[in-house]
Amino acid sequence: MTSTMLSRAIGYVDMARHARRWNKSRDEVVRENARVHLSARMGRLRGLPQKLGQLLSMSDDAERAGSFAPLTDQAEALSFDEIEGALIEAWGRPLDQVVRSIDQNGHAASLGQVHRAVLRDGREVAVKVQYPEIRKAVMNDLRMLGWLSRPVGD
């Protein structure tokens with residue numbers, strides 16, 4: 001098991017621990033703390049866990065929806081320094097050969113983030129950037145889900 005897969009597995013265990021505490025505790029303070037930690041862990045893991053949290057934020061249950069709303073409207077974007085390399089690699093050339101300007105403050109999502117930019121010809125565009133390593137993280141998540149489903153699968 002690779003270190004990335006191991007760290008994601010640990011993240012899933014932490015998520016499960018907080019989800020169990022949220023569901024089982026009768027103490028409202030413990031439940032609230034568990035929801036906060038669960039939501040934060042989902043956001044740090046990004047990918048499938050964050051997407052699941054975003055779905056939970058659309059719940060008819062106001063308590064549940066409020067707990068997971070930050071995963072939809074306050075997801076933390078990576079710094080532009082972390083994203084710039086991915087853009088250069090994807091475009092195969094320096095940024096200034098593609099865009100006249102690019103907003104360094106991105107808007108985060110579960111698998112990537114979006115930046116406003118102006119192309120060299122003056123057109124305004126949205127540049128969607130997949131998070132570095134997110135493909136590997138999602139594949140690891142799917143592998144782990146496969147392991148989890150084996151005991152109850154065919």
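Residues numbered from 1 in each chain as written. Predicted model: local features only at pLDDT ≥ 70, side-chain atom pairs only at ≥ 80, totals over all residues. Heavy atoms only, no water.

Draft legend 1. Quick peek at the confidence of the model for the chain. Chain-level statistics for the chain give a pLDDT mean of 84 and a share of 92% at 70 or above. Confidence, expressed as mean pLDDT per element, reaches its minimum in the chain at helix 7 (residues 134–149) with 74 and its maximum at strand 1 (residues 99–102) with 97. (pLDDT = per-residue confidence, 0-100. Helix = DSSP H or I, 4+ residues; strand = E, 2+ residues; numbered from the N terminus.)

Draft legend 2. Just the pairing of strand 4 (residues 124–130), in detail. One ladder, built from 7 bridges, connects strand 3 (residues 112–119) with strand 4; its direction is antiparallel. Residue R116 lies in a different strand from strand 4, and its bridge partner there is A126. Here strand 3 folds back onto strand 4, and the loop between the two strands holds 4 residues, one of which, G122, carries a positive phi near 95°. (Pairing = 2+ DSSP bridges.)

Draft legend 3. Examining the environment of R100 more closely. Within the fold, R100 resides in strand 1. Overall, R100 belongs to the exposed group, its relative accessible area being 54%. Sequence-wise, R100 and D81 are 19 residues apart; in three dimensions their C-alpha atoms are separated by 18 Å. For R100, the residues in contact, after removing those within four places along its chain, are V118, L119, R120, D121 and G122. Only 3.0 Å separates the side chain of R100 from the backbone oxygen of R120, close enough to count as a polar contact. (Buried < 20%, exposed > 50% of the residue type's maximum accessible area, 1.4 Å probe, protein only. Contact = heavy atoms within 4.5 Å. Polar contact = N/O pair within 3.5 Å; in protein donor to acceptor, adjacent residues only side chain to side chain.)

Draft legend 4. Representation of the packing of aromatic side chains. For the structure on display, the rule yields 1 aromatic pair. Between W22 and F68, the ring centres sit 5.6 Å apart and the planes meet at 50°, which makes this aromatic pair tilted. One end of the pair, W22, is in helix 1 (residues 3–24); the other, F68, is in helix 4 (residues 62–68), with 46 residues separating them in the sequence. Each member of the pair W22 and F68 is classed as buried. In this structure, R46 packs its charged tip against the face of Y131, placed 4.3 Å from the ring centre. (Phe/Tyr/Trp six-rings, centres within 6.5 Å; stacked < 30°, edge-to-face > 60°. Lys NZ or Arg CZ within 6 Å of the ring centre and 35° of its normal.)

Draft legend 5. How the structure looks around the packing of helix 2 (residues 28–45) against helix 3 (residues 47–56). Two elements in contact, helix 2 and helix 3, have axes whose closest approach is 6 Å; the angle formed by their N-to-C orientations is 135°. Classified by the angle their axes make, helix 2 and helix 3 are oblique. The two elements helix 2 and helix 3 meet at a crossing, and its hand is left-handed. Where helix 2 abuts helix 3, its residues M42, G43 and L45 lie against G47, P49, Q50, L52, G53 and L56. Grouping the constituent residues of the contact of helix 2 with helix 3 by class yields 5 nonpolar, 4 polar and no charged. (Axes fitted to C-alpha atoms, helices over the stretch in contact; angles between N-to-C directions. Parallel < 35°, antiparallel > 145°, perpendicular 65-115°, else oblique. Left-handed = near helix turned anticlockwise from the far one by under 90°. Nonpolar A, V, L, I, M, F, W, Y, C, P; charged D, E, K, R; others polar.)

Draft legend 6. How the structure looks around helix 2. Taking 1.5 Å as the rise per residue, helix 2 with 18 residues should run 26 Å; its terminal C-alpha atoms sit 26 Å apart, in good agreement. Looking at helix 2, one finds that the buried residues are R31, A34, R35, L38, S39, R41, M42, G43 and L45. A distance of 2.8 Å separates the backbone nitrogen of V29 from a side-chain oxygen at the start of helix 2, and that oxygen is part of D27. Positioned one or two residues after helix 2, R46 has a phi angle of 55°, which is positive. (Expected span 1.5 Å × (residues − 1).)

Draft legend 7. Focus on the packing of helix 1 against helix 2. Between helix 1 and helix 2, the least distance of the axes is 8 Å, while the angle of their chain directions is 155°. One element, helix 1, and the other, helix 2, form an angle in the roughly antiparallel class. Both helix 1 and helix 2 take part in a crossing whose hand is left-handed. Of the residues in helix 2, those touching helix 1 at R8, G11, Y12, D14, M15, H18, A19, R21, W22 and N23 are V30, R31, A34, R35, H37, L38, R41, M42 and L45. For the contact of helix 1 with helix 2, the per-class residue count stands at 9 nonpolar, 4 polar and 6 charged.

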